[in-house]
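Overview (structure and organization)
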Amino acid sequence: MLSHTRSISSVDYASLAGKQVVLVHHHVYPFLQEDVKTLKILGSSNGLICLGISDSKNVSNLRRIYIWNPSTNEYKQISCSTFDDRDYCFRAKYGFGYDNSIDDYKVVRILGRDSCEYHECLDIQVYTLGSDPWHRVQTVPYSFACEKRFSSLLFNGALHWLAYNVASQGQGKSWEVIVAFEISKERHLHLLLPKETIKGWREVGNDKKRLGVLGDCICLSISFLVHGRTDIWIMQDYGVQDSWTKQFTITQLQMHKYFSCKPIWTFENGEILLETVKDLIVYDPKSGNIRTAMRDTDLSVNRECYVGSLISVKSGTYVEKTDFFIV
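The notes below deal with the structure included here. Treat the numbers as computed from the prediction; the structure is a model and nothing was measured. (Residues numbered from 1 in each chain as written. Predicted model: local features only at pLDDT ≥ 70, side-chain atom pairs only at ≥ 80, totals over all residues. Heavy atoms only, no water.)

**Topic: the packing of aromatic side chains**
This structure, assessed with the given rule, holds 6 aromatic pairs. A centroid spacing of 5.0 Å and a plane angle of 50° characterise the contact between Tyr98 and Tyr105, whose relative ring orientation is tilted. On the basis of relative accessibility, which here comes to 27%, the residue Tyr98 falls in the partly exposed class. Given the relative accessible area of 7%, Tyr105 is considered buried. Seen in terms of ring centroids, Phe155 and Tyr238 are 5.8 Å apart; in terms of plane orientation they differ by 50°. Their pairing is tilted. Linking Phe155 in strand β13 (residues 153–155) with Tyr238 in the loop between β19 (229–235) and β20 (244–251), this pair joins segments that are 83 residues apart in sequence. By relative accessible area, which is 27% here, Tyr238 ends up partly exposed. (Phe/Tyr/Trp six-rings, centres within 6.5 Å; stacked < 30°, edge-to-face > 60°. Buried < 20%, exposed > 50% of the residue type's maximum accessible area, 1.4 Å probe, protein only. Helix = DSSP H or I, 4+ residues; strand = E, 2+ residues; numbered from the N terminus.)

Next up, the structure:
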């Protein structure tokens, strides 16, 4: 599933696996006819897509959020309390996932307090689809750097974001961590990065890190502009730092114009679909070859893995279904 400033489209994985023409499906979605300045996919779970819209340049301070099933076109608008930009100075982080303990879905929003470059704490807020109010869960001592990407990685029943451990600043401990929020228990924990990649708080910014999923494991891609390579690590035993293993390295010579990438899908033949800032590319770990699967020159593109389903959001409200394709 891909979103641009005002459009949503999807591409089948099978279409990307081959070398034939890629078929793009464009969707009619809720609020399509409205004056939308910014449209973002906030997450996907069990065939449901969480969409956020903003009528201003501040895409983190969303005015409305919708839960939408593209397969049935049923959707539900949920209340979206705004926040005072003077209190929260960076792009908020969002996530969406299923709570199997109550058989319901939750939207998670994390906001950073303070007005400095790195923020002193994060407020975690949760909205449950079956009930209207947002509720504040906790405040945690982590921070996010200001960046354009503000969605999360859903894996193992938890939402994940790269963050900084404020408590370790200047103490020689791990500064960069992965913050995980368990959807069912509504509690946070943090995962340590590979020991070989740990840096002090004064060294942050010399590389580009991104989270993804490779096979059945959470993975970390680290791109080094100076060294001209991207390392892909997987955590073989979830939560155990010593289980991080470097799977492969992609050189700048192989990547050509792409600086950073992250795995988003593994095909049956072992090839890996990688997301770059612009295009979707396919990497063959055996041969080291890379080919472009889909070109996309719009840098504002927002991508999310999605598998269709017939799950209902129990609203009874539907978008008029109109399908059209382009090649």
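**Concerning unusual backbone geometry**
Even without a glycine there, the phi angle at Asn73 is positive, about 65°. Structurally, the position occupied by Asn73 is in the loop between β6 (64–69) and β7 (74–78). For Asn73, a relative accessible area of 4% gives the class buried. A positive phi is found at Asp103, a non-glycine position, where the angle reads about 55°.

**Let's talk about the sheet that holds strand β22 (residues 272–276)**
Pairing in this open sheet of 4 strands is antiparallel, and the strands run β21-β22-β23-β24 from one edge to the other. Whereas interior strands pair on both sides, the edge strands pair on one side only; in this sheet they are β21 (261–266) and β24 (290–294). Across the sheet, the mean angle separating the axes of adjacent strands is 35° when strand polarity is ignored. Across 5 bridges, the pairing between β21 and β22 is antiparallel. Each residue of the ladder has a partner; that of Lys262, found in β22, is Glu275. (Pairing = 2+ DSSP bridges. Axes fitted to C-alpha atoms, helices over the stretch in contact; angles between N-to-C directions.)

**Side note on the nonpolar core**
Residues Cys50, Ile65, Ile67, Ile78, Phe96 and Val107 are the most contacted members of the largest nonpolar core, which totals 18 residues. Broken down by secondary-structure element, the contributors of at least two residues to this core are β5 (48–54), β6, β8 (93–99) and β9 (104–113). A total of 3 residues in this core trace back to one element, the largest contributor, which is β9. (Core = buried A, V, L, I, M, F, W, Y, C linked by side-chain atoms within 4.5 Å.)

**Re the pattern of salt bridges**
Scanning all chains against the criterion turns up 10 salt bridges. In this structure, Arg136 engages Asp123 in a salt bridge whose closest nitrogen and oxygen atoms are separated by 3.0 Å. A residue pair is termed long-range when its members are at least 10 positions apart, and Arg136 in strand β11 (residues 134–140) and Asp123 in strand β10 (residues 121–128) qualify at 13 residues. Residue Arg210 is joined to Glu275 by a salt bridge in which the shortest nitrogen-to-oxygen separation is 2.4 Å. You can see Arg210 sitting in strand β17 (residues 208–214) and its partner Glu275 sitting in strand β22, a full 65 residues away along the chain. Here Arg210 and Glu275 have matching classes, each one buried. (Salt bridge = Lys/Arg side-chain N within 4 Å of Asp/Glu carboxyl O.)

Coordinates in, geometry out; function isn't part of it.
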